[in-house]
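The residues making up each chain are set out below.
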Amino acid sequence: MASAAALVTGRVLPACPPRVNHVNSRIRASRSLQFNQKRGRHPLPCSDTRHLFGCVTALGHLTVARAEGYSSMDGTNDANPSSKLHTRLRLWEFPDCYVFEPIDGLADLYLSVSRANGTMNLVEELPPRGPSTPKVQTVYGVVGVLRLAVGSYFVVITDRDCVGSYLGHAIFKVTGLKVLPCNNALNTTSAEQKKMETEFSELLDAAERTIGLHFSYDINLTLSAQRLHDLGDEYKSLPLWRQAEPRFLWNSYLLEPLIEDKLDQYLLPVIQGSFQNIHAEVGSEKVTVTLIARRCTRRIGTRMWRRGADAEGYAANFVESEQIMQSKGFTASYVQVRGSMPFLWEQIVDLTYKPSFDIVRQEEAPRVLERHFHDLQKKYGAVLAVDLVNTGGGEGRLRERYAKSIEPILSEDLRYVHFDFHRVCGHIHFERLSQLYEQIKDYLKKHRYFLINDKGEKIEEQTGTIRTNCIDCLDRTNVTQSMIGGKILESQLQRIGVLGVDDTISNHPAFDTNYKILWANHGDAISIQYSGTPALKGDFVRYGKRTTQGIVNDLRNALARYYLNNFVDGTKQDAMDLLQGHYMTSVSRDMAVPRKGLLENYASFRLAFALIMGALTFMMMSLRHARNDVRHFLLSLLWAGLCIGITHFVRANGRTFTNRPRFHQSRH
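Reading the values: rules and limits
Residues numbered from 1 in each chain as written. Predicted model: local features only at pLDDT ≥ 70, side-chain atom pairs only at ≥ 80, totals over all residues. Heavy atoms only, no water. Patch = residues over 30% accessible without salt bridge, like charges linked within 9 Å, V, L, I, M, F, W, Y side chains within 5 Å. Areas by Shrake-Rupley, 256 points an atom, 1.4 Å probe, with all protein chains shown as cover. Salt bridge = Lys/Arg side-chain N within 4 Å of Asp/Glu carboxyl O. Helix = DSSP H or I, 4+ residues; strand = E, 2+ residues; numbered from the N terminus. pLDDT = per-residue confidence, 0-100. Contact = heavy atoms within 4.5 Å. UniProt positions renumbered as here; feature names shortened; annotations may be inferred. Buried < 20%, exposed > 50% of the residue type's maximum accessible area, 1.4 Å probe, protein only. Polar contact = N/O pair within 3.5 Å; in protein donor to acceptor, adjacent residues only side chain to side chain. Pairing = 2+ DSSP bridges.

(A) Region of the structure containing a nonpolar patch on the surface. Together, Met 620, Leu 623, Val 630, Phe 633, Leu 634 and Leu 637 line one region of the surface with nonpolar side chains, adding up to about 570 Å² of accessible area. Every element with two or more residues in the nonpolar patch is listed here: helix H18 (605–624) and helix H19 (630–652). No other element matches H19, which puts four residues into the nonpolar patch. Among the secondary structure elements, Val 630 is positioned in helix H19.

Shown next as structure tokens:
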């Protein structure tokens, strides 16, 4: 690789009260299946840039090469072969069952799943073939099982891309999901249950389009490098699903049926977020920077239907971002987080461009906020809350509530800084973020970052994090987090001697450019999952300045967000709640889908829009003849009145005409 060259790798894709975490509650009761083992390597597909990730091909087989000179912080289950996860399975679709055949050499037994009711059994051979040839395809893991009122649904990975390596182990991005229905019993159930299952099928289609899912067969991707390093050997020997951090285990609910049947080799932990890295040379030294986003599932959802925090203190759009640097045998990591303002507030779509902010049960704000920050301090140590919202307007009311509620619990280990991003930086002067850095740099130096040498010895430990928020925790937040990440990276590179004491990343243009693109891709991935569009202000993160094309892109994305938030995200929110178990249809077979009111059954924005346009058309036609016939003038007034009446009715009932979640309940 040439001295100035750098390559960006890894492509970008796009809560209700917490449940009892059944994955954790079954940890001690779960045991690994004892499979007959076979020796031998297994082929894994990988991208053409696999050599840059440590995914290298040898003799037609993929192996993951550890970076030379770097210590390993495994957190893997290599010591227990019986709990090694299946990496490739042949899926046979017989008329009465699905059969998963391991083709990775890890077991002799097959997993048979009934297509009538989803019951699972391990069998020694395939069932006899009938007159028709069964459909066969390769799958790369079982995400889990969704149990509904009628039948079960298996979610499997049909395609994947190798997007890099995490501490020496291959990381894959899910690029294809498939839902396998196990509801042949539907033919014998009531018409009402059939109707209910049909309505859920729309949500299952949305579930197949879930983006941003990543996994590893060998390492716990839910934990940061520092937490992996601090794990004991006994903990590292557990199956990966038992090691997983419950907050970031996206398929926690879906794994429960597999845990009940003790199918450890099929229990694949999956996170939602992003994974990208860059490989470059800074001077004469090779540097790898990896950026990981881990989305919390406690209050997962879409931009307008998941705001604020719930009563337990879990915040919407809560994402842990970890930046890992490797060079000269050293490995360094820094973790920062983002999340919605942690008290009860909402912003329900109503067809207006910017719906009003509603603070719900204001008297509970201090309690909810205290629970949120107490949880953060247990997990990250000290916390510096950086609030980027406006001082005035609706955002100003939220800021005042935030500042007032957090004041009683402020301490040496919990600080609050408000920085009016729009007032200071406007829409183009983002370099003025240096003013914010001056306020927080002492905190960054005090609480440091995680650093180990090539022997795996800890040199530095991160003892505190920064929690950043704006309204969406997307655009302003990503610009700010990228600035913080850049300052931390410079400090780490200076510490290990890659950069001189007064040297900066900006003095190395190729590396600087690709580092900015890394953060821009990171922000886009988080934004697409939450809002449906890439992040705004991404041109500054990507190029270090605002551009005309960037402003045009922001306008287009803002309009796209309006459309998605009002007319698409309700169904998407329901699909998320269904997959996370926030709405469980397995409690009662008689449970029905929430009913709509009379107006909701017939309210349609498309119908209203068509009526308005039709009335306008007839009004114009009548006006053309109004000079010759007073009746046409009166008709034009009638059509105009109809237009105004329909428009007023739609505006007055705006929330009813949007695509709302069926399972969402307002907290008013």
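(B) Geometry of the confidence of the model for the chain. On average, the chain scores 83 in pLDDT, and the residues at 70 or more come to 82%. For residues 24–54, every residue scores under 50 in pLDDT, and the model assigns this stretch 85 contacts once sequence neighbours within four places are set aside. Ignoring residues within four places in sequence, the model shows residues 585–594, a span with pLDDT below 50, making 25 contacts including any to other chains.

(C) Spatial organisation of the UniProt feature "transmembrane region" (unreviewed entry) in the chain. With numbering matched to this structure, UniProt assigns "transmembrane region" (unreviewed entry) to residues 603–621 and 633–650. The annotated region residues 633–650 carries 100% helix and 0% strand content, and the separation between its end C-alpha atoms amounts to 26 Å.

(D) Focus on the environment of Arg 448. Topologically, Arg 448 is positioned in the loop between helix H11 (434–447) and strand E21 (450–452). Owing to a relative accessible area of 30%, Arg 448 belongs among the partly exposed residues under this scheme. Expressed as a C-alpha distance, the spacing of Arg 448 and Ser 333, which sit 115 residues apart in the sequence, is 9.9 Å. Excluding residues that lie within four positions of it along the chain, Arg 448 makes contacts with Tyr 334, Glu 460, Glu 461, Gln 462 and Thr 463. At 2.7 Å, the side chain of Arg 448 and the side chain of Glu 460 are in polar contact.

(E) Quick peek at the pairing of strand E16 (residues 330–338). Counting buried residues in E16 gives eight out of nine residues, a clear majority hidden from the surface. Where strand E15 (residues 319–327) lies against E16, nine bridges are found, and the strand directions are antiparallel. Across the sheet, the residue bridging to Gln 323 is Tyr 334, located in E16. Taken together, the three bridges between E16 and E21 define a ladder with antiparallel strand orientation. Among the inter-strand pairings, Ser 333 is bridged to a residue of E21, identified as Phe 450.

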